[in-house]
Amino acid sequence: MPRGRLRVMLGAAPGVGKTFAMLEEGERLRGLGTDVVVAVVETHGRAATAALLEGQEVVPRRLVEHRGVTLSELDLDAVLARHPQVALVDELAHTNAPGSDHDKRWQDVETLLDAGIDVISTVNIQHIESLNDVVEQITGVPQRETIPDAVLRRADRIELVDLAPQALRDRLAEGVVYPAARVDAALSNYFRLGNLTALRELALLWLADEVDSALQQYRAEHGIAGTWEARERVVVALTGGPEGETLLRRGARIAARSSGGELLAVHVSSQDGLREAAPGVLANQRALVEQLGGSYHQVVGDDIPRALVEFARGESATQLVIGVSRRSRLSALLTGPGIGATVIRESGDIDVHIVSHARAGGRFSLPRPRGGLTVRRRVYGFLLALIGGPLLTLLLTSVRSGESMTADVLSYQLLVVVVALVGGIWPALFAALLSGLTLDFFFVDPLYTITVGEPLHLLALILFVIIAALVSLVVDQAARRSRAALRAAAEAELLATVAGGVIRGEDAVQALVTRTREAFGLGGVRLVLHGADGADEVLASDGDAPLSEPAQRLPVRTGPESRAVDARGGQEGRVFLELRGRDLEAGDRRLLSAIVAQLEAALEHRELTAAAAELAPLAEADRVRTALLAAVGHDLRRPLAAATAAVTTLRQSDLTLSDEDREALLETAEDSLQGLAGLVTDLLDASRVQAGVLAVSLAPTELDDVILPALDELGVGPGDVELDLSPDVPPLLADGVLLQRVLVNLLGNALRYSPEGARPVLAASEFAGTVQLRVVDRGPGIPAERREAVFAPFQRLSDTDNDSGIGLGLALSKGFVEGMGGTLDVEDTPGGGLTMVVSLPAAEGDE
């Protein structure tokens, strides 16, 4: 019996319409005459989904008793006995009730497929095993029900059911996805706009990767080696030279011309590591690649053109961008066709763009014959020419004959080549001149004279010099590159060690000082702060060299004009790097300058971190103080004015007041003075917040210890405020007094603006280590354009009533919440109204 086919509806989040799409497809297939049954569908109370089930054949579910609860599950045996052509099975990652035939629903689906039944199922991106941790990082919610990637990849067809994030939030707010009681928490937690956007991108990328893998598999199975231009893939070859930025921008423009174009940058490193890239150039170009939306790759290969073409073919590239050679015309003439010509010949159906740049080409000149070889090797070369020349002449004159001229010339030529290999260009040129003169004097007629009788003999002397120069250039270049490679390897190892130490958590300054001493073999290295009073303070040191030993001092710039602040007395001083031991060679100073640059950055980072740590408490204190004074300044005016007016009226002897008027004025004065007393109490409660620095007393706080006193202070009971407190909410890390002040203000506002018969709601929930307190009302709400303004010092929708109470205002509430390390946000209440969300960290279990 042929195996059934699996078709999966993939969604980025609950509510995008996977089940709806599955049922619609089942209805369509039934209309075409296909035998379709609904094996299991979860409607989650959604009316539109339940309506689609009407008229469709539904296999009754199997009931399972578990711990006194009746659970309904897919009846696998009933579906197998019915044996339809197509079975609709919702929620592929579902975990079956204990006692079922299989632990997971996808295992039930495998059984149906083995029985030859086609299955249409649904799954969300968060249930894919390989993406489980990524989704948890995005949403903060762990997913316990997962499906192995291999199961989904074996599906014959995967369809993405897509919905824009804002459209999904609108659907959620309308109550289409969840009941109204769950809408608020869902919008603020899992269904945040950023979460939905990230999940949607994750689903699109996963499906695109599957399509790409399927295409590659198809090409491999059918032996298709050519490039299929399904989309433009532009590979830019980077040499490490300054022209790389020009090439990258040109490649990005080429990729941008087609929809979905992709930019890839590649640098080919030879196996011996010989490259002439300037320090930091490749790192800057890699950063530029990322800014342009591309990806950076590095491959190893001695045959650069072949490595480039193989990489481009492996990535199914359609375009390859390379730069015009930087070699001079003489170098191109001597070494043959360059990388560009070879790449064009090997590229096949990949288009090659050769881009000109400012460093292209070179003037017609010989390479400068400088120092790749040591002085010792040059001395050995001269000695070999001085000693080997006479010995060879003595040997050849003893066996000279009329037929030996060719052998004599080749022997001296061999001597020149050997001298070039040993000593380089200058000993080789000396050997060539000496050998030419010796040949002319001892072996060329007329003998024992310097006269050249034949033009060919003069040509032979010139060829001697040319061959010696060319061979010596090759030897000198090889030696120079070998030394450069060793140097580069040592520098790379040093910088990698330093970077690795910093990444592992070592102190960056100390790590740099330690690695400097190790790299240059010094007796000791110190980083000292030379104060204005002449005393030195050691910031970091390594090694045991005696201080009496002479030290090289290099200034380290840590601020404007190379000045730093002396922590001992506030005096200004300068920072120096002291090196004790051998004198550094000129070649070592380039690497030392790079280390000093990193040291400057590390010192600056240390200073900025210390400054930020000192200023953070002051900034927090200033923020709370500013909000407090602004709110108090507003609140003091009205009760003072009211009390003053009442007392002044009572004291006027020319006014005749009734008992009722006198009682009203006394009541006004009493209320105003009580308000002032309450304000003073609030100031005393917050006085420790302003004691020099922000010193909020944070401690694990139970919600009951804050909410009940807040309700008592407002004089309201359970009949006035609806409490929706989850029993699983942990204690939060807060200052109980300040949090009570915040809740009194928020609940007072909610009670004030709630319409008759609509009680405000105080809800609490925990999400990703954060406790959220939500004060929900059904009042007029706040227009979007005024939401920032309400947190300005004491802003209200109505500021003219006399019954608003003192309160601390939203400005002070926000300052208190942020001072406790939390946030205060404004959201719309679904169906109308305003929701104030206080988010504070949950207390750790060990506190």
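Right above here is the structure, for reference.
Residues numbered from 1 in each chain as written. Predicted model: local features only at pLDDT ≥ 70, side-chain atom pairs only at ≥ 80, totals over all residues. Heavy atoms only, no water.

## Considering the sheet that holds strand S5 (residues 86-89)
Consider a sheet: its strands pair through backbone hydrogen bonds, and that pairing is either parallel or antiparallel.
Stage number 1. What the five strands build is an open sheet, ordered S2-S5-S6-S1-S7; its pairing is parallel. Here the strands that pair on one side only, and so sit at the sheet edges, are strand S2 (36-40) and strand S7 (157-161). Within this sheet the neighbouring strands show an average axis-to-axis angle of 20 degrees, counted without direction.
Stage number 2. Relative to S5, S2 runs parallel, the two sharing four bridges. Each bridged residue has a counterpart across the sheet, and for Val 36 the counterpart in S5 is Val 86.
Stage number 3. Sheet strands touched by helix H1 (residues 18-31): strand S1 (6-11), S2, S5, strand S6 (118-124) and S7. Its angle to S6, the strand with the most contacts, is close to 165 degrees. (Pairing = 2+ DSSP bridges. Helix = DSSP H or I, 4+ residues; strand = E, 2+ residues; numbered from the N terminus. Axes fitted to C-alpha atoms, helices over the stretch in contact; angles between N-to-C directions. Contact = heavy atoms within 4.5 Å.)

## Focus: the sheet that holds strand S21 (residues 761-767)
Stage number 1. Across the sheet, five strands lie side by side as S19-S21-S22-S24-S23; this open sheet has mixed pairing. Either end of the sheet is taken by a strand with one partner, and the two such strands are strand S19 (722-725) and strand S23 (823-828). When strand polarity is set aside, the average angle formed by the axes of neighbouring strands in this sheet is 20 degrees.
Stage number 2. With six bridges joining them, S23 and strand S24 (residues 834-841) adopt antiparallel strand pairing. By the bridge assignment for S24, Glu 827 is matched with Thr 835.
Stage number 3. The strands touched by helix H23 (residues 736-753) within the sheet are S21, strand S22 (770-777), S23 and S24, with S22 carrying the most contacts at an inclination of about 25 degrees.

## Thoughts on the packing of aromatic side chains
Stage number 1. For the structure shown, the criterion picks out two aromatic pairs.
Stage number 2. Pairing Phe 382 with Phe 430 gives two aromatic rings, centres 5.7 Å apart and planes at 55 degrees, and the pair type is tilted. In this pair, Phe 382 sits in helix H15 (residues 375-398) while Phe 430 sits in helix H17 (residues 425-442), placing the two residues 48 residues apart along the sequence.
Stage number 3. When its relative accessible area of 33% is taken as the criterion, Phe 382 is described as partly exposed.
Stage number 4. By relative accessible area, which is 30% here, Phe 430 ends up partly exposed.
Stage number 5. Ring centres of Phe 441 and Phe 442 lie 5.0 Å apart, and the angle between their planes is 75 degrees; this geometry places the pair in the edge-to-face category. (Phe/Tyr/Trp six-rings, centres within 6.5 Å; stacked < 30°, edge-to-face > 60°. Buried < 20%, exposed > 50% of the residue type's maximum accessible area, 1.4 Å probe, protein only.)

## Brief notes about the pattern of salt bridges
Stage number 1. Tallying each qualifying case throughout the model produces 23 salt bridges.
Stage number 2. Because the salt bridges share partners, they merge into one network encompassing Arg 7, Glu 25, Arg 28, Arg 157 and Glu 159. (Salt bridge = Lys/Arg side-chain N within 4 Å of Asp/Glu carboxyl O.)

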